[in-house]
Amino acid sequence: MQLPLFPLQSVFFPGETVPLHIFEDRYKQLINDCRDEAMTFGIPVYINNKLEYGTEVQLVEVVTTYEGGEMDVTCIARQVFKVLTFENELEGKTYAGGTVAFLESDYDAAESLRLEVLGKIEELYDLMAVQLPQIAVDKFNSYAFAHKMGLSFEQEYELLQLTNETERLNYIKKHLDTTITVLNQINRTKAVIEMNGHFKNFDPLDFEDFKVN
């Protein structure tokens with residue numbers, strides 16, 4: 001399938017709202033075409049000087065149009081694709097485009113795994129003293145908190161490429177296990193530092209039966 005393409009150094013996951021500020025003339029043309037023709041476009045992730053994977057998005061609303069033609073728009077991310085070809089300008093257009101292949105994604109996973117991962121996210125938020133928004137387990141998926149659990153840009157990109165929900169949840173679980181361990185160590189270190197200089201009540205050791213060999 002051929003899609004108009006808007007490369008960015010950002011990862012967007014299916015289902016999330018994508019706010020964009022449009023200021024380049026070629027992307028103003030893209031947004032106007034999307035509005036007039038009800039077409040979608042793709043946001044391939046620019047990483048390591050490459051464009052390999054990205055997400056199709058659909059224009060939802062032009063929120064603000066400024067005097068100079070700049071726009072604030074909201075879009076909804078739909079499905080992940082692999083970039084097959086890239087053209088800096090599509091024929092008759094000023095914006096980029098290319099041929100893409102959509103990845104078939106599996107969204108099924110065991111409820112026990114969803115509960116386990118959600119529980120670890122709650123533990124992470126507790127350690128950070130941040131309130132976790134309420135979410136029912138049947139509404140929870142691997143993308144729900146993908147931008148809000150400390151994944152690096154590179155990790156988000158790796159997550160985007162996984163097509164199986166169980167794989168995605170296990171990827172997140174491994175990250176959370178590592179992060180929670182580190183935070184617990186930091187909190188223990190902080191507690192030790194805060195105790196430094198305080199008087200401590202040590203239990204005396206009993207040397208009654210102690211012998212030197």
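It should be noted that the structure appears before, not after, this text.
Residues numbered from 1 in each chain as written. Predicted model: local features only at pLDDT ≥ 70, side-chain atom pairs only at ≥ 80, totals over all residues. Heavy atoms only, no water.

## Considerations on unusual backbone geometry
Thought 1: Of note, the phi angle at N48 is positive, near 55 degrees, even though the residue is not glycine.
Thought 2: By secondary structure assignment, the location of N48 is in the loop between β3 (41-47) and β4 (50-65).
Thought 3: With a phi close to 60 degrees, N49 is a non-glycine residue in the positive phi region.
Thought 4: Positionally, N49 belongs in the loop between β3 and β4. (Helix = DSSP H or I, 4+ residues; strand = E, 2+ residues; numbered from the N terminus.)

## Here's the deal with the side chain of E16
Thought 1: Tracing the backbone shows E16 in the loop between β1 (2-5) and β2 (17-22).
Thought 2: No salt bridge is formed by the buried E16. Its closest oppositely charged neighbour is K148, at 8.6 Å.
Thought 3: A polar contact of 2.7 Å, which involves the side chain of E16, links it to the backbone nitrogen of F13.
Thought 4: Not counting chain neighbours up to four residues away, the residues in contact with E16 comprise V11, C75, I76, A77 and H147. (Buried < 20%, exposed > 50% of the residue type's maximum accessible area, 1.4 Å probe, protein only. Lys, Arg positive; Asp, Glu negative; His and termini not counted. Salt bridge = Lys/Arg side-chain N within 4 Å of Asp/Glu carboxyl O. Polar contact = N/O pair within 3.5 Å; in protein donor to acceptor, adjacent residues only side chain to side chain. Contact = heavy atoms within 4.5 Å.)

## Considering the packing of aromatic side chains
Thought 1: Inspection of every chain in the model, using the stated rule, returns 8 aromatic pairs.
Thought 2: Relative to F145, the ring of Y125 has its centre 6.2 Å away and its plane inclined at 70 degrees; by these criteria the two rings are edge-to-face. Of this pair, Y125 sits in helix α2 (residues 111-127) while F145 sits in the loop between α2 and α3 (153-161), placing them 20 residues apart in sequence.
Thought 3: For F145, a relative accessible area of 6% corresponds to the buried category. (Phe/Tyr/Trp six-rings, centres within 6.5 Å; stacked < 30°, edge-to-face > 60°.)

## Quick notes on helix α1 (residues 25-37)
Thought 1: Over its 13 residues, α1 runs 18 Å from end to end, which matches the ideal 18 Å to within 8%, given 1.5 Å per residue.
Thought 2: Turning to α1, the residues buried within the fold contact β1, β2, β3, β4 and β5 (71-83).
Thought 3: Once α1 ends, the next one or two residues include A38, with phi positive near 55 degrees. (Expected span 1.5 Å × (residues − 1).)

## Thoughts on the state of the cysteines
Thought 1: On inspection of all chains with the given rule, the structure shows 0 disulfides.
Thought 2: Counting only cysteine sulfurs, C75 is the nearest neighbor of C34, a cysteine outside any disulfide, at a range of 7.4 Å.
Thought 3: Of the residues examined, C75 reaches a relative accessible area of 1% and is grouped as buried. (Disulfide = S-S within 2.5 Å.)

## What about α2?
Thought 1: The end-to-end C-alpha distance of α2 is 24 Å, a good match for the 24 Å that 17 residues give at a rise of 1.5 Å each.
Thought 2: Listing the buried residues of α2 in full gives L113, R114, V117, L118, K120, I121, L124 and Y125. Taken end-on, α2 shows its buried residues confined to a sector of 155 degrees, consistent with a single buried face. Relative to its buried face, α2 has exposed residues pointing more than 90 degrees away, namely E111, S112 and D126.
Thought 3: Just past α2, the residue A129 takes up positive phi, approximately 55 degrees. (Arc of directions from axis to C-beta.)

## A word on the pairing of β4
Thought 1: Looking at chain direction, β3 and β4 are connected through 6 bridges and run antiparallel. By the bridge assignment for β4, I47 is matched with K50.
Thought 2: A loop of 2 residues connects β3 with β4, the two strands running antiparallel in sequence, and N48 in this loop sits at a positive phi of about 55 degrees.
Thought 3: Judged from the 10 bridges that link them, β4 and β5 form a sheet pairing that is antiparallel. Of the residues in β5, the one forming a bridge with T55 is V80. (Pairing = 2+ DSSP bridges.)

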